[in-house]
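Analysis of the macromolecular model
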Amino acid sequence: MTTQERYAYAKERYAQIGVDTDKALETLKRIPIAIHCWQGDDVVGFDQDGPLTGGIQTTGNYPGRARTPEELMADMDVALKQIPGKHKINLHASYAIFGDGEAVDRDSIEPKHFKKWVDFAKERGLGIDFNPTFFSHPKAASYTLSSPDEEIRQFWIRHGQACIRISQYFAEELGQPCVMNIWIPDGMKDVPADRLGPRKRFADSLDQILSIPYDKTKVYVCLESKVFGIGLESYTVGSSEFCINYAATRGILSLMDNGHYHPTEVVSDKIPSMLLFSDKIALHVTRGVRWDSDHVVLLDDETKEIMKEIVRNDAVDRVFIATDYFDASINRVSAWVVGVRNVQKALLYALLQPAEQLKALQDSQNFTELMVRQEELKLYPMGDVWDYFCESNGAPADCKWFDTIRKYEDEVLSKRN
Ligand code: RNT
Ligand code: ZN
């Protein structure tokens, strides 16, 4: 059977339960995912040669890490071709590209240091999202925006301000808003003597960063919370309560990373509450496994639940979806493709739910049938719809793209050392 024929059959099956597959694919096509650049080089970046710090870690030494901007862009190109639809790339400030012999510290970076990324995005019709980098730097050895050392704190405030200017440059060059996410690693390994002081300083630093003039229709600043990091087990300055309250009172967005909560807490359940009180929110989609918050995204239950909350609450245009994971133990290009395609598959799964009927079953307290229908949906022919979506949006279907990655590994990645 051809992909077309399989799609025609699946379309009929879904139509019988009141689901319009054509409409689902139209919606899926216009949902951009902000694809994180840092999967390709283990979060190292180009502006320093020290270790990755800030309580995050990549593990594994699979061959082929991108070492230069050219290599990273080449790898992203291969990944992007396996991902259906038009998306955004998500950069960190540490991916600034300097001229020969040029050394610019984080507090002085300018739009021109990202011109090559803008060219890359323009040529491919992509948007860009951005992140200041408050880690992997000598001045980030302990605290950054919450530092008691005023000189260090001011350095990072200037970095945040520089990043707002760069974000606005991206938005203006590419003709679409830039989501700028702030995450700081500040925290403590052991019991603090003062939990309030660092948070007061963090709030003040954020106020100073946001005090520079910028166009709020072009740059959406977000704040990402976290529960703990490696070596920062007892106290995180930017906790969930801090970030949600700060964002709500200052008119910026909350960003929820689903690897940043206590293990039985789920972001899917937080989304509707956030949407009741915020116009827009942002997500880092990832997979937490025990201590790690950054495994490659799978098509698992929580990823599907997250996307269901976005789709059935009619919030596709109110939630900015980005990926955030880093695996150095497998082919990095494949990790990109698998994770991003899974985000899209989870979205498709959500778009193919007869949401109104299921809500009606809940409201009429028909919980038996609700369970039966929800379970039956799991074996509906979504794979046929997915393959059709891939092929009609410039990407290979499942079982076809991996050959390209294998070949790229043989010819390019395995030659890097
Ligand atoms: C860290 C946060 C943060 C980073 C990236 C690299 O725990 O999730 O988003 O992963 O900025
Ligand atoms: Zn994150």
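Residues numbered from 1 in each chain as written. Chains lettered and ligands numbered in written order. Predicted model: local features only at pLDDT ≥ 70, side-chain atom pairs only at ≥ 80, totals over all residues. Heavy atoms only, no water.

1. Here we look at the pattern of salt bridges
Evaluated as defined, the whole model comprises 33 salt bridges. Residue Glu309 is joined to Arg312 by a salt bridge in which the shortest nitrogen-to-oxygen separation is 2.7 Å. Linking Glu309 with Arg312, this pair stays in helix α9 (residues 301-312), spanning three residues, or about one helical turn. One salt-bridge network, held together by shared partners, links Arg67, Glu71, Asp75 and Arg416. (Salt bridge = Lys/Arg side-chain N within 4 Å of Asp/Glu carboxyl O. Helix = DSSP H or I, 4+ residues; strand = E, 2+ residues; numbered from the N terminus.)

2. Describing the site of ligand 1
For ligand 1, the full set of nearby residues is Trp38, Ile56, His92, Trp183, Glu224, Lys226, Asp257, His260, His284, Asp324 and Phe326. Side-chain polar atom of His92 to an oxygen atom of ligand 1: 2.7 Å apart, as the coordinates give it. Contact between ligand 1 and Lys226: an oxygen atom at 2.7 Å from a side-chain N or O atom of the residue. For ligand 1, the accessible surface in isolation is 310 Å², of which the surrounding protein chains cover 100%. When atom positions are compared with the pocket grids, ligand 1 is found to occupy the largest cavity. (Near = heavy atom within 4 Å. Polar contact = N/O pair within 3.5 Å; in protein donor to acceptor, adjacent residues only side chain to side chain. Areas by Shrake-Rupley, 256 points an atom, 1.4 Å probe, with all protein chains shown as cover. 1 Å grid on protein atoms, 1.4 Å probe; cavity = no way out; pocket = protein on both sides within 12 Å on 5 of 7 lines; lining within 4 Å. Sits in = over half its atoms within 2 Å of the grid points.)

3. A closer look at unusual backbone geometry
The residue Asp42 is not glycine, and still its phi comes out positive at about 60°. Within the secondary structure layout, Asp42 lies in the loop between β1 (33-36) and α3 (69-81). Taking the relative accessible area as the measure of exposure, Asp42 reaches 9% and is therefore buried. One non-glycine residue, Cys399, lies in positive phi territory at about 70°. (Buried < 20%, exposed > 50% of the residue type's maximum accessible area, 1.4 Å probe, protein only.)

4. Topic: helix α6 (residues 196-210)
Taking 1.5 Å of rise per residue, 15 residues should cover 21 Å, and α6 covers 21 Å from first to last C-alpha, within 8% of that figure. Elements in contact with the buried residues of α6: α5 (150-174), β4 (178-182), β6 (219-224), β7 (235-236) and α7 (240-250). (Expected span 1.5 Å × (residues − 1). Contact = heavy atoms within 4.5 Å.)

5. Observations concerning the coordination of the zinc ion (ligand 2)
With distances of 2.1 to 2.2 Å, the protein atoms coordinating the zinc ion (ligand 2) are Glu224 (OE), Asp257 (OD), His284 (ND1) and Asp324 (OD). One can describe the site at the zinc ion (ligand 2) as octahedral: its six donor atoms subtend angles covering 71 to 171° at the metal. Within one chain, the residues serving as donors to the zinc ion (ligand 2) are arranged as E-x32-D-x26-H-x39-D. With Asp257 in strand β8 (residues 253-257) and Asp324 in the loop between β12 (319-323) and α10 (332-351), this residue pair connects regions lying 67 residues apart in the sequence. Taking the relative accessible area as the measure of exposure, Asp257 reaches 0% and is therefore buried. (Donors = N, O, S within 2.8 Å, 3.2 Å for Na, K, Ca; no water. Tetrahedral: all angles 85-135°; square planar, octahedral: opposite > 155°, others 65-115°.)

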